[in-house]
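Okay, here's what each chain looks like letter by letter:
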Amino acid sequence: MENQLDRRIEQALPAWEQKTQIDIVRLQTTLEQVSKSRFGGALGEAPPGEDGEPLQLLCAIFCSEIKGVPNFPKKGVLRFYIGKEPLFGLDYNHPTKQKNWRVLYDPEEPDDMPKTAQTLQTQHPIKGCFCLKFSSEKESLAPPDYRFRPEFERFLQHFGRTEPIDWDEYDALMNRYSLRGNKLGGYAWNTQDDPRCREGLGKYDTLLLQIDSVYRGDCRISFGDAGVALFLIPSDKLKALDFSDVLFWWDCY
């Protein structure tokens, strides 16, 4: 049962939703061949990791299939690669170094349809290859995005609320405004602490891609124990179509 929120918080929420609302695109997986974009599978030659072995394709987004994400490329292909080891290439101490993971952008779109398949027994977090269906939505800033608490507490002052949000209220807001799911754009979900709380990482203000664990339907995605993977980029780099400066992060329960 959801905890009851302070009256002043309830009064502030409609205006807050309107103020912070942005466009996102939801990603739904399917075994039907309905798009060139895909989770898993392959697309062209994979780049090597530090050991010289090819990385594995996590996701390929054909940008011409995407509508409505601010500053997103209008055409071309974004490919997201990860490592094959248990951490999938992530270095938690240096999450912006693309050594054993990679984000690559090609302005040309090859004529390539994915060969969809379901493969449950694999070390890859995507248990097979799946096409993507897209739907446009809007999303407002909410927990656990690291910007929510300080910005919302300042906003609440206009409604006569000056004391900090307590943990029960924070949990209630997180339950009401879930940021989970597979999406392009929007606000980031984390099962642990937002990595951008670290010094020097606050500039990665834009969610490029979020892939969440899924345990139902044809598609299975597993980042550890119900974890989520994030690719974050500075907004100016996205506008410039420069994907050399990206933060990759995943965590789980």
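For the structure itself, consult the block above.
Summarised in this report is the structure supplied together with it. (Residues numbered from 1 in each chain as written. Predicted model: local features only at pLDDT ≥ 70, side-chain atom pairs only at ≥ 80, totals over all residues. Heavy atoms only, no water.)

## As for the pattern of salt bridges
- Following the criterion strictly, the structure yields 21 salt bridges and no others.
- Of the charged contacts, one joins E32 and K133 as a salt bridge, the two residues approaching to 3.6 Å between their closest N and O atoms. Here K133 lies in strand 7 (residues 128–139) and E32 lies in the loop between strand 1 (22–30) and strand 2 (38–39), a separation of 101 residues in the sequence.
- Since its relative accessible area comes to 47%, E32 is described here as partly exposed.
- Under the relative-accessibility criterion, K133 is labelled partly exposed at 31%.
- Among the salt bridges present, the one from D91 reaches K99, with a minimum N-O distance of 3.9 Å.
- One connected set of salt bridges, linked through shared partners, spans D6, R8, R161, E163 and E169. (Salt bridge = Lys/Arg side-chain N within 4 Å of Asp/Glu carboxyl O. Helix = DSSP H or I, 4+ residues; strand = E, 2+ residues; numbered from the N terminus. Buried < 20%, exposed > 50% of the residue type's maximum accessible area, 1.4 Å probe, protein only.)

## What about the environment of E139?
- One can find E139 in strand 7.
- For the pair formed by E139 and G186, sequence separation is 47 residues and the distance between their alpha carbons is 6.2 Å.
- Apart from residues no more than four positions distant in its own chain, E139 is found in contact with T20, Q21, I22, I24, R26, S178, L179, K183, G186 and Y187.
- Polar contacts involving the side chain of E139 include one to the side chain of K183, which spans 2.9 Å.
- Here the side chain of E139 touches Y187 through a polar contact of 2.8 Å, landing on its backbone nitrogen. (Contact = heavy atoms within 4.5 Å. Polar contact = N/O pair within 3.5 Å; in protein donor to acceptor, adjacent residues only side chain to side chain.)

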